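# Structural overview
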Amino acid sequence: TDLARLRKFYPIITENRERRQKRISTETIRACIEPLPSLPMQATLVDVFEFFKLHPEQNIIPVVDGGGVPQGIVREKDLKPYVYSPYGRDLLRNSSLGIGLKDFLKPIPTTDMNSQLAPLLDLVSDRPEDGVLVTEGIRYRGVLLAGSLVRLANDMRLAAASDRNP
């Protein structure tokens, strides 16, 4: 009943509002980005084989154009039928057949480093195992792999659920 005792704000209410507005930060997303090495669009299939030989833990290769703009990925599993067939690897090395990197290039979702997470997760629902290429400006910076996408999705759902549950 005493209007003089009313405050302009109450700290406990301000703290609760800030807690409810908590979202996945850009720093969290940046920490999940894997800076996988990439190959230029002009690379040959011999370069691809050498790349997989030098990076056995990597099962995709991001491919970029001359300006560093991502063009897609090459999956190791797409090359395996050729590698394990009797003459497949030799056929791929034969430049007169006209088979090149572009024949194994697959499109993949690409996003800017500062994009919102929710639309990104909707974008990769079809093929989450390939991940998402991440750019800064328009230049390739890394990949959000499937495990990172799952972790970020869980963090996002947890943040949303904390708003709803007392």
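Residues numbered from 1 in each chain as written. Predicted model: local features only at pLDDT ≥ 70, side-chain atom pairs only at ≥ 80, totals over all residues. Heavy atoms only, no water.

### Observations concerning a nonpolar patch on the surface
Residues Leu3, Leu6, Tyr10 and Ile12 make up a contiguous nonpolar surface patch of roughly 460 Å² in combined accessible area. Mapped onto the elements of the fold, Leu3 is located in the segment before α1 (11-20). (Patch = residues over 30% accessible without salt bridge, like charges linked within 9 Å, V, L, I, M, F, W, Y side chains within 5 Å. Areas by Shrake-Rupley, 256 points an atom, 1.4 Å probe, with all protein chains shown as cover. Salt bridge = Lys/Arg side-chain N within 4 Å of Asp/Glu carboxyl O. Helix = DSSP H or I, 4+ residues; strand = E, 2+ residues; numbered from the N terminus.)

### Comments concerning the nonpolar core
Generally speaking, nonpolar side chains in soluble globular proteins are found buried as a group. In terms of nonpolar packing, the biggest core is built from 15 residues, with Val48, Ile61, Val74 and Leu79 touching the most fellow members. Put simply, the parts of the chain that give this core at least two residues each are α3 (45-54) and β2 (60-64). At five residues, α3 tops the list of elements feeding residues into this core. Among all residues touching Ile61, those that are not within four sequence positions of it are Ser38, Leu39, Val48, Phe51, Phe52, Gly72, Ile73 and Val74. Counting residues in hydrophobic clusters, the runner-up holds 13 residues, among them Met113, Leu117, Val132 and Val134. (Core = buried A, V, L, I, M, F, W, Y, C linked by side-chain atoms within 4.5 Å. Buried < 20%, exposed > 50% of the residue type's maximum accessible area, 1.4 Å probe, protein only. Contact = heavy atoms within 4.5 Å.)

### Regarding the sheet that holds strand β5 (residues 110-112)
Strand order in this open sheet of three strands is β5-β6-β7, and the pairing throughout is mixed. Sheet topology places β5 and β7 (139-144) at the edges, where each strand pairs with a single neighbour. Ignoring which end each strand starts from, the neighbouring axes of this sheet average 35° apart. As defined by bridge partners, strand β6 (residues 132-136) adjoins β7 across five bridges and the pair is classed as antiparallel. Bridge assignment links Val134 to a residue of β7, and that residue is Gly142. (Pairing = 2+ DSSP bridges. Axes fitted to C-alpha atoms, helices over the stretch in contact; angles between N-to-C directions.)

### Side note on the sheet that holds strand β1 (residues 39-40)
An order of β1-β2-β3-β4 is seen for the four strands of this open sheet, with the pairing classed as mixed. Strands with a single pairing partner mark the edges of an open sheet, and in this sheet they are β1 and β4 (105-106). Relative to strand β3 (residues 70-75), β2 runs antiparallel, the two being bridged by five bridges. Considered in β3, the bridge of Pro62 is made with Ile73. Running over the sheet, α3 touches β1, β2 and β3 and is turned about 135° from β2. Contacts from helix α4 (residues 76-83) reach β3 and β4 within the one sheet, and its direction differs from that of β3 by about 45°.

Don't take any of this as a statement about function, it's just geometry.
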